[in-house]
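Topology and contacts: notes
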Amino acid sequence: MPDNITVAGIAVDTRHWIGGRRVASAGTFTDHSPIDGSVLGEIARGGPAEAEAAVAAARDAFPDWAGTSRSERARILHAIADGVEKRMEELAIVETTDNGALLRSHRRGVMPRVAHNFRFFADWLLQLDHEDFETRGHTNHVSWDPAGPCVLITPWNAPLMLATWKVAPALAAGDTVVLKPAEWSPLTASLLADIAAEAGLPAGVLNVVQGHGSEVGDALTSHPDVRRISFTGSVPTARRIAASAAANLTPLSLELGGKSPLLVFADADLDLAVDLAVEQYDNAGQVCLAGTRLLVEESVAEEFTRRFVQRASALTQGDPRDEATDIGPTIHPRQLEKIDGFVQRAVAAGARAVIGGHRKDGQYYAPTLLTDVAQNSEIVQEEVFGPVLTLQTFAGEDEAVRLANDTRFGLAATVATGDRDRAERITARLVAGTVWVNCFFVRDLKAPFGGSRQSGVGREGGTWSFDFYCDLKNTVTAPKGWNQDHG
Ligand code: NAD
């Protein structure tokens, strides 16, 4: 198998990155581009042996990295951000080719944010502190100790953004990392390993293991030397990981799926509400936070639907490398199949496709809006992870909140209303890790991020990330007992 492939003229190493070396595997898996289904290359297919080697490398590198001063760690994280910025265009092109999300978003939003992930946690580390406090003359000093090797497992819908959202705080905390990117979008993780090495990150501090989760995952998540597992992905995989981690009671952070509501009240700026709703087709709906359940107050539902259809029909679907494209392909034929299965079962159960409801050529799915859906139906209760929205109506705040909260998820919610008091009343009653009012997807790295109910366990972001990636220690020192020499 060749060690390198070329993606739009950019060389990407297809092997693992373990202990500061490229490592091949006996087997490979094939990586396709969702844009046209073309083969991008054969990628090293990790298994238990590669998992073991990567954890061993992370364990061996841990004492030195944990002992590195905060300022030196921060300096290296900034150097990684510099490297990301230098290779921004290449990263954007490789990511778009590999996962099909819009090139213009990767160029202007995602890759700058990847660099920012490193800068933000480097800077946050330097001001991370707790005031000492006193207990009957004794001093309490709280320290943020590095925890150890971390296993970070990420999905394909925003590969490098989600990987670095975990890698950056883990490295800042003084932990070492084994990153397992998704098998449907493995390439930018490999480029990140190059960038980190060029930035001077010591060997073994960041390791990348490629492969199928079902083959390499268990060996990583059940390993007794792993001190933290942070996972972003689906609920069924999270259950398997939690069961595997239970052997060692390894602390877990889980960022999972959603079925988030977007509530539109009659007093809302309707054009703004329509814009927010159409935005949910972003990344072909393959966004965990997407507000896929449109809940619209009865009195404006007809007008809202009319304007929505007009706006959505103007969206351009096609090659994500084209600057004019609004909606790209779905990630994989299996995902396309899954999306269509949800839609066809919903239609068979009585739903009406106001727009879309069908596949298009290649791996593309038409942006879809379904009405006449029952609250307890599969299409309202389960995450589709495609460009499929449902629309239900409500009468009054109580019904709006009841419908909004009536799923097993609690990742996010969006509220469109022109009334501040109503916004306060409604947001207080919604079960969600993030609530947006008259906006969507505004995210600050300082804010806690995560889901309620089956959308996740724990929060990351700002100090919450360090809470997770560190072992917090309280040292209590008595005022007496000192030798005279040591005052
Ligand atoms: P997935 O659960 O199928 O896979 C995610 C990762 O887990 C992949 O790297 C996969 O290889 C790995 N994996 C699979 N089996 C494993 C095992 N047994 N042990 C260890 N690792 C294993 O999810 P996906 O389809 O890649 O991603 C889509 C899901 O991710 C959706 O549910 C979406 O909502 C969720 N998501 C959540 C967030 C969030 O922040 N809450 C963000 C993005 C995506």
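Only a predicted model underlies this, so the values are computations on that prediction, with no experimental measurement involved.

1. Some words on the UniProt feature "domain: Aldehyde dehydrogenase" (unreviewed entry) in the chain
Sequence positions flagged by UniProt for "domain: Aldehyde dehydrogenase" (unreviewed entry) are, in local numbering, residues 27-474. Regarding residues 27-474, the helix share stands at 43% and the strand share at 19%, and the terminal C-alpha atoms are separated by 47 Å.

2. Remarks on the sheet that holds strand β8 (residues 138-146)
Strand pairing within a sheet occurs via backbone hydrogen bonds; the two strands may be parallel or antiparallel. If you trace the three strands from one edge of the open sheet to the other, you get β7-β8-β22, paired in antiparallel fashion. Two strands close off the open sheet at either side, each with one partner strand: β7 (133-135) and β22 (470-477). Across this sheet, the average inter-strand angle for adjacent strands is 35 degrees, counted without regard to direction. Across three bridges, the pairing between β7 and β8 is antiparallel. When the sheet's bridge partners are listed, T135 is paired in β8 with H138.

3. Focus: the site of the ligand
The local shell around the ligand holds 28 residues, among which K180, E183, S234, T237 and E383 are the closest. The contact in question runs from an oxygen atom of the ligand to an N or O atom on the side chain of W156, over 3.0 Å. Between the ligand and the protein, one listed contact pairs an oxygen atom with a side-chain N or O atom of E383 at 2.5 Å. Alone, the ligand offers 850 Å² of accessible surface; in the complex the protein occludes 89% of this. If you map the ligand onto the pockets, it falls in the largest pocket. No fewer than three residues from each of domain 1 (4-256) and domain 2 (261-437) sit in the shell around the ligand.

4. Examining the layout of surface pockets
Taken as a whole, the largest pocket encloses approximately 1100 Å³ of empty space. What lines the largest pocket is a set of 38 residues, among which W156, F231, G233, S234 and T237 lie closest to the centre. Per-element tally for the lining of the largest pocket: the top contributor is helix α8 (residues 235-245), with six residues. When its residues are assigned to classes, the lining of the largest pocket shows 15 nonpolar, 14 polar and nine charged.

5. Remarks on the packing of aromatic side chains
With the rule as written, the count across this model stands at 14 aromatic pairs. Look at F265 and F394: their rings are 5.1 Å apart centre to centre, the planes differ by 65 degrees, and that puts the pair in the edge-to-face class. Residue F265 is located in the loop between β14 (261-264) and α9 (270-278), and its partner F394 is located in strand β18 (residues 388-394); the two are separated by 129 residues in the primary sequence. The exposure class assigned to F265 is buried, which follows from its relative accessible area of 0%. Residue F394 is classed as buried on the basis of its relative accessible area of 0%. When the ring of W436 is compared with that of F440, the centres are 5.1 Å apart and the planes differ by 70 degrees; the resulting orientation is edge-to-face. The exposure class assigned to W436 is buried, which follows from its relative accessible area of 3%. Judged by relative accessible area, which is 10%, F440 ranks as buried. An aromatic cluster of three or more residues is present, and its members are F120, F121, W124, W165, F449 and F466.

6. Here's the deal with the domain arrangement of the chain
Under the domain assignment, the chain is made up of domain 1 (4-256) and domain 2 (261-437). Taken over C-alpha atoms, the centre of domain 1 sits 31 Å from the centre of domain 2. The partner domain 2 presents 25 residues to the 19 residues of domain 1 that form the contact. On the domain 1 side of the interface with domain 2, the three residues burying the most area are I35, W156 and W184, jointly 32% of the side's total. Ionic pairing is found between R104 and D326, a salt bridge with its closest N-O pair at 2.9 Å.

7. Considerations on the environment of G19
Among the secondary structure elements, G19 is positioned in the loop between β3 (16-18) and β4 (21-23). Along the chain, G19 and E89 lie 70 residues apart, while their C-alpha atoms are 28 Å from each other. When sequence neighbours within four positions are dropped, the list of residues in contact with G19 reads A57, A203, G204 and N207.

8. As for the pattern of salt bridges
Tallied over the entire structure, the rule returns 36 salt bridges. Two residues, R107 and E323, come together in a salt bridge whose shortest N-O distance is 3.1 Å. With R107 in helix α4 (residues 103-126) and E323 in the loop between α10 (298-313) and α11 (333-348), this pair connects stretches of sequence that are 216 residues apart. Classification of E323 as partly exposed rests on a relative accessible area of 35%. Among the salt bridges present, the one from D319 reaches R321, with a minimum N-O distance of 2.8 Å. For D319, a relative accessible area of 29% corresponds to the partly exposed category. Connected through shared salt-bridge partners, D3, D13, R15, R22 and D194 make up one network.

Conventions adopted
- Residues numbered from 1 in each chain as written.
- Predicted model: local features only at pLDDT ≥ 70, side-chain atom pairs only at ≥ 80, totals over all residues.
- Heavy atoms only, no water.
- UniProt positions renumbered as here; feature names shortened; annotations may be inferred.
- Helix = DSSP H or I, 4+ residues; strand = E, 2+ residues; numbered from the N terminus.
- Pairing = 2+ DSSP bridges.
- Axes fitted to C-alpha atoms, helices over the stretch in contact; angles between N-to-C directions.
- Near = heavy atom within 4 Å.
- Polar contact = N/O pair within 3.5 Å; in protein donor to acceptor, adjacent residues only side chain to side chain.
- Areas by Shrake-Rupley, 256 points an atom, 1.4 Å probe, with all protein chains shown as cover.
- 1 Å grid on protein atoms, 1.4 Å probe; cavity = no way out; pocket = protein on both sides within 12 Å on 5 of 7 lines; lining within 4 Å.
- Sits in = over half its atoms within 2 Å of the grid points.
- Domains from an automatic or database assignment.
- Points joined across faces, edges and corners; volume = space filled by probe spheres on them.
- Nonpolar A, V, L, I, M, F, W, Y, C, P; charged D, E, K, R; others polar.
- Phe/Tyr/Trp six-rings, centres within 6.5 Å; stacked < 30°, edge-to-face > 60°.
- Buried < 20%, exposed > 50% of the residue type's maximum accessible area, 1.4 Å probe, protein only.
- Contact = heavy atoms within 4.5 Å.
- Buried area = accessible area lost by both parts, 1.4 Å probe.
- Salt bridge = Lys/Arg side-chain N within 4 Å of Asp/Glu carboxyl O.

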